[in-house]
Amino acid sequence: MSFVLEFHFEPNDYFTNSVLTKTYKMKSEPDKADPFSFEGPEIVDCDGCTIDWKKGKNVTVKTIKKKQKHKGRGTVRTITKQVPNDSFFNFFSPLKASGDGESLDEDSEFTLASDFEIGHFFRERIVPRAVLYFTGEAIEDDDNFEEGEEGEEEELEGDEEGEEEDDADASLKV
């Protein structure tokens, strides 16, 4: 059991792919050792596609130049090194869940859990409402929802303050 997220792109200056995909593999049967802990299907692994970057256009890495001075001779040389760069496109190069029973370190587990959560969010919330996001209606709904929550909190705070003022006025009159 699995699902695939497809991201379609117009021709661009950065990569040649027209579609970037990410596949999430799911486990839908309960664990034989503890069948009562089953809470429904869960994501267990994911695979991203390879992005065919055009020469010098890979935004997931940045090139840094570093000067090194030789300790003995005093000569200076420049070293060019590529380091990872934060990018949306890192989404297509997920951390692999270890299937051989090895445990992952805490950071890797957090990264993997976050990746699964993002995939699940896309599947459950974004894709079913894609047309609403395209037309802008979903964004308007989100804005109204947030304003409503903040407005309610302000009203509640105002009510509480108003009650205290009434109590203070009453004690002055007595």
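Note that this is a predicted model, so its numbers are computed, not measured.

S.K.: Would you explain the pairing of strand β2 (residues 19–27) in this entry?
M.R.: Within a regular strand, the side chains alternate between the two sheet faces. Here β2 shows a buried face lined by Leu20, Lys22, Tyr24 and Met26 and an unburied face lined by Val19, Thr21, Thr23, Lys25 and Lys27. As judged from the seven bridges shared by strand β1 (residues 2–8) and β2, these two strands associate in the antiparallel manner. Bridge pairing links leucine 5 to lysine 22 in β2. Inspection of the sheet shows β2 paired to strand β3 (residues 42–48) by six bridges, in the antiparallel sense. Within the sheet, the bridge partner assigned to lysine 22 lies in β3 and is glycine 48.

S.K.: Looking at this structure, I do not really get the environment of serine 93. What am I missing?
M.R.: By secondary structure assignment, the location of serine 93 is in the loop between β5 (76–84) and α1 (106–126). Expressed as a C-alpha distance, the spacing of serine 93 and cysteine 46, which sit 47 residues apart in the sequence, is 9.4 Å.

S.K.: Got a minute to help me understand the confidence of the model for the protein in this structure?
M.R.: Residues shown with low pLDDT carry predicted positions that ought not to be read at fine detail. The share of residues in the protein with pLDDT of 70 or more is 74%, and the mean pLDDT across the chain is 76. For the protein, the element scoring lowest by mean pLDDT is helix α3 (residues 137–173), at 50; β1 scores highest, at 90. Counted against residues more than four places away or in other chains, residues 147–174, with its pLDDT under 50, gives zero contacts.

S.K.: How do you make sense of the sheet that holds β3 when you look at a structure like this?
M.R.: The strands making up a sheet associate through hydrogen bonds between their backbones, and the pairing can be parallel or antiparallel. Read across the open sheet, the three strands follow the order β1-β2-β3; overall the sheet is antiparallel. Each edge of the open sheet is held by one strand with a lone partner, namely β1 and β3. Taken over all neighbouring pairs, the strand axes of this sheet differ in orientation by 20° on average, direction set aside. Packed on one face of the sheet, α1 meets β1, β2 and β3 and runs near 95° to β3.

S.K.: For this particular structure, what's the right way to read a negative patch on the surface?
M.R.: Taken together, the side chains of Asp105, Glu106, Asp107 and Glu109 present a region of like negative charge at the surface. Looking at the element boundaries, glutamate 109 is found in helix α1. Under the relative-accessibility criterion, glutamate 109 is labelled partly exposed at 45%.

S.K.: Explanation requested: the nonpolar core in the structure shown.
M.R.: If you look at the biggest cluster of nonpolar residues, it comprises 16 residues, and the most contacted ones within it are Leu20, Tyr24 and Phe92. Here tyrosine 24 is in contact with Met1, Ser2, Phe3, Leu5, Ile43, Asp45, Cys46, Phe91, Asp115, Phe116 and Gly119, once residues within four sequence places are set aside.

S.K.: Hey, could you run me through the pairing of β5 in this one?
M.R.: Here β5 lies mainly on the outside; zero of its nine residues are buried. Bridging between strand β4 (residues 61–69) and β5 involves nine bridges; their strand directions are antiparallel. The residue of β5 that forms the bridge with lysine 66 is isoleucine 79. In sequence, β4 turns back onto β5 through a hairpin of six residues, with glycine 74 there showing a positive phi of about 80°.

Conventions and cut-offs
- Residues numbered from 1 in each chain as written.
- Predicted model: local features only at pLDDT ≥ 70, side-chain atom pairs only at ≥ 80, totals over all residues.
- Heavy atoms only, no water.
- Buried < 20%, exposed > 50% of the residue type's maximum accessible area, 1.4 Å probe, protein only.
- Helix = DSSP H or I, 4+ residues; strand = E, 2+ residues; numbered from the N terminus.
- Pairing = 2+ DSSP bridges.
- pLDDT = per-residue confidence, 0-100.
- Contact = heavy atoms within 4.5 Å.
- Axes fitted to C-alpha atoms, helices over the stretch in contact; angles between N-to-C directions.
- Patch = residues over 30% accessible without salt bridge, like charges linked within 9 Å, V, L, I, M, F, W, Y side chains within 5 Å.
- Areas by Shrake-Rupley, 256 points an atom, 1.4 Å probe, with all protein chains shown as cover.
- Salt bridge = Lys/Arg side-chain N within 4 Å of Asp/Glu carboxyl O.
- Lys, Arg positive; Asp, Glu negative; His and termini not counted.
- Charge placed at Lys NZ, Arg CZ, Asp CG, Glu CD.
- Core = buried A, V, L, I, M, F, W, Y, C linked by side-chain atoms within 4.5 Å.

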